[in-house]
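# Commentary on secondary and tertiary structure
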Amino acid sequence: MRLDKFICDCTGLTRSQAGKVIRQKLVTVNGELAKQPALQLKTTDKVSLDGEELELIGLRYIMMHKPAGYICSTDDPDHDTVFALMDEPLMERLHTVGRLDLDTTGMVLITDDGQWSHKISSPKHHCAKTYRVWLADPVPESAIAQFAEGIMLRGEKDLTKPAELVIVEPHQALLTISEGRYHQVKRMFAAIGNKVEKLHREQIGALPLDPDLEEGEYRYLTDEEVALFR
Ligand code: URA
């Protein structure tokens with residue numbers, strides 16, 4: 001890999017900024033001052049910027065327990081984003097896999113691997129997501145069949161895909177859906193005349209929210225967990 005590209009990948013600097021730090025004599029390769037941005041690096045070469053050795057950051061896969069009041073977006077003028085809860089280098093490369101509403105809590109996956117996140121969020125891949133739902137009114141048994149058959153959401157042309165509803169208590173249910181339409185869970189319950197009072201995502205695919213994560217905490221996924229979505 002070229003020296004300037006390596007500097008960009010490690011630091012988030014642009015190509016021209018990488019060229020500039022080289023011209024400013026801030027870059028060494030194996031202790032020798034580097035002069036050529038196009039220098040081809042060997043895998044064993046040690047590159048330092050301003051005395052600090054640079055290391056490539058591999059693709060990152062993170063699970064967060066999202067609290068209410070944070071938005072799943074990289075930038076929002078009115079609310080804190082989930083990234084405000086994180087302390088990681090090169091945060092601008094990370095994105096959330098799909099979104100939870102501002103008031104929804106639970107599992108959010110965060111990555112800089114676009115292909116991996118597409119596998120989870122694209123409707124083509126039918127990745128199941130399970131939500132615990134607290135409702136204003138008791139959920140009737142008839143809702144189980146309605147959700148399994150599909151619901152016509154307001155303003156849409158197609159029925160929702162079959163969803164599995166488990167009634168836990170009269171005002172509490174578990175709902176598993178395999179799509180990610182806008183406000184889907186709230187709109188499904190609205191379509192049968194109920195109102196979601198609280199919503200919490202417990203599981204994505206075969207991966208449950210880690211019970212050791214408090215609200216606002218996050219951890220890196222294990223290789224096995226990452227592979228669940230490949
Ligand atoms: N469905 C909703 O209505 N809100 C969410 O945050 C997630 C799914």
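As recorded by an unreviewed UniProt entry, the chain carries the name Ribosomal small subunit pseudouridine synthase A and is attributed to Rheinheimera tangshanensis. Entered under Function (unreviewed entry) in the UniProt record, the comment concerning the chain runs "Responsible for synthesis of pseudouridine from uracil-516 in 16S ribosomal RNA." What the UniProt record of the chain gives under Catalytic activity (unreviewed entry) is the line "uridine(516) in 16S rRNA = pseudouridine(516) in 16S rRNA".

## Side note on the site of the ligand
As a structural note, the neighbourhood of the ligand is formed by Leu100, Asp101, Thr104, Tyr131, His183, Gln184, Val185, Lys186 and Leu199. Contacts to the ligand include His183, whose backbone N or O atom sits 3.2 Å from an oxygen atom. Within the contact set of the ligand, a nitrogen atom lies 3.1 Å away from a backbone nitrogen or oxygen of Val185. Contact with the protein chains hides 95% of the accessible area of the ligand, taken as 240 Å² for the molecule alone. For the ligand, the cavity whose grid points lie within 2 Å of the majority of its atoms is the largest pocket.

## A word on the packing of aromatic side chains
Going through the model one piece at a time under the given rule, you end up with 3 aromatic pairs. Taking the centre distance of 4.8 Å and the plane angle of 75° together, the rings of Tyr61 and Trp116 count as edge-to-face. Of the two residues, Tyr61 sits in strand E5 (residues 61-66) while Trp116 sits in helix H3 (residues 114-121), which places them 55 residues apart along the sequence. Just as Tyr61 is buried, Trp116 falls in that class too. Ring geometry for Phe147 versus Phe189: centroids 5.1 Å apart, planes at 75°, classification edge-to-face. Residue Phe147 is located in helix H4 (residues 142-149), and its partner Phe189 is located in helix H5 (residues 184-191); the two are separated by 42 residues in the primary sequence.

## Notes on the domain arrangement of the chain
The domain architecture assigned to the chain consists of domain 1 (3-53) and domain 2 (61-223). Distance from the C-alpha centre of domain 1 to the C-alpha centre of domain 2: 42 Å.

## Side note on the environment of Pro67
Turning to its location among the elements, Pro67 is positioned in the loop between E5 and strand E6 (70-71). Ignoring any residue separated from it by four or fewer positions in sequence, one finds Pro67 in contact with Leu85, Leu102, Thr104, Thr105, Glu215 and Gly216.

## Quick notes on unusual backbone geometry
With a phi close to 60°, Lys25 is a non-glycine residue in the positive phi region. Positive phi outside glycine occurs at Asn30, with the angle close to 50°. Following the sequence through the fold, Asn30 ends up in the loop between strand E1 (27-29) and strand E2 (32-33).

Reading guide: rules and limits
Residues numbered from 1 in each chain as written. Predicted model: local features only at pLDDT ≥ 70, side-chain atom pairs only at ≥ 80, totals over all residues. Heavy atoms only, no water. UniProt positions renumbered as here; feature names shortened; annotations may be inferred. Near = heavy atom within 4 Å. Polar contact = N/O pair within 3.5 Å; in protein donor to acceptor, adjacent residues only side chain to side chain. Areas by Shrake-Rupley, 256 points an atom, 1.4 Å probe, with all protein chains shown as cover. 1 Å grid on protein atoms, 1.4 Å probe; cavity = no way out; pocket = protein on both sides within 12 Å on 5 of 7 lines; lining within 4 Å. Sits in = over half its atoms within 2 Å of the grid points. Phe/Tyr/Trp six-rings, centres within 6.5 Å; stacked < 30°, edge-to-face > 60°. Helix = DSSP H or I, 4+ residues; strand = E, 2+ residues; numbered from the N terminus. Buried < 20%, exposed > 50% of the residue type's maximum accessible area, 1.4 Å probe, protein only. Domains from an automatic or database assignment. Contact = heavy atoms within 4.5 Å.

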